[in-house]
Amino acid sequence: TGRAYAARYAEAVFTAQQTLEEGIAFYDDLKGRLADHGRSRDELLVLPGISPVIGSTQEEARRLEAEINAGIVPAYGLAQLSSMLDIELTDDQLDEPLPHIDEVTQGNQSRFTLVTELARREQLTVRQLIERLAGGRGHRVLAGAPEQIADDLIAWVDAGAADGFNIMPAVMPEQLSLFVELVIPELRRRGLFREEYEFSTLRENLGLPEPDFNPQS
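Residues numbered from 1 in each chain as written. Predicted model: local features only at pLDDT ≥ 70, side-chain atom pairs only at ≥ 80, totals over all residues. Heavy atoms only, no water.

1. Focus: the overall build of the protein chain
Point 1. The helix and strand tally for the protein chain stands at nine helices and four strands.
Point 2. Secondary structure elements of the protein chain, listed N to C terminal, follow the sequence α-β-α-β-α-α-α-α-β-α-β-α-α.
Point 3. Here the C-alpha coordinates of the protein chain stretch approximately 55 × 45 × 25 Å along the principal axes.
Point 4. Per-residue burial over the protein chain gives 39% buried out of 217 residues.
Point 5. Residue pairs in contact within the protein chain that sit at least 24 positions apart in sequence constitute 71% of those at least 6 positions apart.
Point 6. As displayed, the protein chain offers around 12,700 Å² of accessible surface, 51% of which is attributable to carbon and sulfur atoms.
Point 7. A distance of 3 Å separates the average location of the 20 positive side-chain charges in the protein chain from that of its 37 negative side-chain charges. (Helix = DSSP H or I, 4+ residues; strand = E, 2+ residues; numbered from the N terminus. Buried < 20%, exposed > 50% of the residue type's maximum accessible area, 1.4 Å probe, protein only. Contact = heavy atoms within 4.5 Å. Areas by Shrake-Rupley, 256 points an atom, 1.4 Å probe, with all protein chains shown as cover. Lys, Arg positive; Asp, Glu negative; His and termini not counted. Charge placed at Lys NZ, Arg CZ, Asp CG, Glu CD.)

In structure tokens, the structure reads:
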């Protein structure tokens, strides 16, 4: 239902796929629906959320990620995960696999599927799942050196899984500043990011066409 609505009306979709394969499948499915509404594929942008953890090396970035996860309050994580999945999880289940869940509300299908598939695919306990979800709020966490972060972003765009990204650092403002100071210059060095904004509106800078606001349509 959400994808059908987006294909008809949306101009940018924020999404949260965890793997490249899932990203490509979502991208192709959503873009493939546009023609049914007389829209071209460039009239809607798919922008996955990512949570970068940037260090001078991948080892340093992994240490920073571990420090972030160490600050998680299990009771809060359980409450958030219970709300997300619409079930009651308890302290006794922290070190057990996520229980099987049959029902999901209509408005929460995408996030429900993302979380349950992540837990099953990587065989995570409830505690491990909370750690994986905490920093990125369910979005992909990228821990690495600036060059590695840039490589990953480029791979997703080149593979047809994203048109751009919604940058959502777990630690503000430090990690956002590092992204601007280190990752953006790396993308510019490769000729993949503008030196300055050419236009005055977000729509123009995203390359989106001006909509035809026709109350009869």
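Alright, that's what it looks like, and here's the rest.
2. Re the layout of surface pockets
Point 1. Computed from the structure, the largest pocket encloses a volume of approximately 940 Å³.
Point 2. Around the largest pocket, the lining comprises 26 residues; the ones closest to its centre are Gly164, Phe165, Phe193, Arg194 and Leu206.
Point 3. Among the secondary structure elements, those contributing two or more residues to the lining of the largest pocket are strand E2 (45-54), helix H7 (146-158), strand E4 (166-167), helix H8 (174-189) and helix H9 (202-205).
Point 4. Here the lining of the largest pocket takes five residues from H8, the largest share from any one element.
Point 5. Tallied by class, the residues present in the lining of the largest pocket amount to 19 nonpolar, three polar and four charged. (1 Å grid on protein atoms, 1.4 Å probe; cavity = no way out; pocket = protein on both sides within 12 Å on 5 of 7 lines; lining within 4 Å. Points joined across faces, edges and corners; volume = space filled by probe spheres on them. Nonpolar A, V, L, I, M, F, W, Y, C, P; charged D, E, K, R; others polar.)

3. Quick word on the environment of leucine 176
Point 1. Structurally, the position occupied by leucine 176 is in helix H8.
Point 2. You can call leucine 176 partly exposed: its relative accessible area is 31%.
Point 3. Spatially, the C-alpha atoms of leucine 176 and aspartate 36 are 38 Å apart, while their sequence positions differ by 140 residues.
Point 4. Those residues in contact with leucine 176 that lie beyond four places of it in its chain are Ile167, Pro169 and Val171.

4. What to know about H7
Point 1. Counted at 1.5 Å a residue, the expected span for H7 with its 13 residues is 18 Å, and the 18 Å between its end C-alpha atoms agrees.
Point 2. Of the positions making up H7, those classed as buried are Pro146, Ile149, Ala150, Leu153, Ile154 and Trp156. When H7 is viewed along its axis, its buried side chains cluster within an angular range of 160 degrees and face the same direction.
Point 3. At its buried positions, H7 is contacted by helix H2 (20-32), E2, strand E3 (140-144) and H8.
Point 4. Glycine 160 lies just past H7 and shows a positive phi near 80 degrees. (Expected span 1.5 Å × (residues − 1). Arc of directions from axis to C-beta.)

5. Some details on helix H4 (residues 74-85)
Point 1. Taking 1.5 Å per residue, twelve residues should reach 16 Å; H4 reaches 16 Å between its end C-alpha atoms and fits that length.
Point 2. Listed as buried for H4 are Gly77, Leu78, Leu81, Ser82, Met84 and Leu85. Along the long axis of H4, the arc covered by the buried residues comes to 160 degrees, so they all point the same way. Along H4, exposed side chains directed more than 90 degrees from the buried face belong to Ala75, Tyr76 and Ser83.
Point 3. Downstream of H4 by one or two residues, aspartate 86 has phi in the positive range, about 60 degrees.

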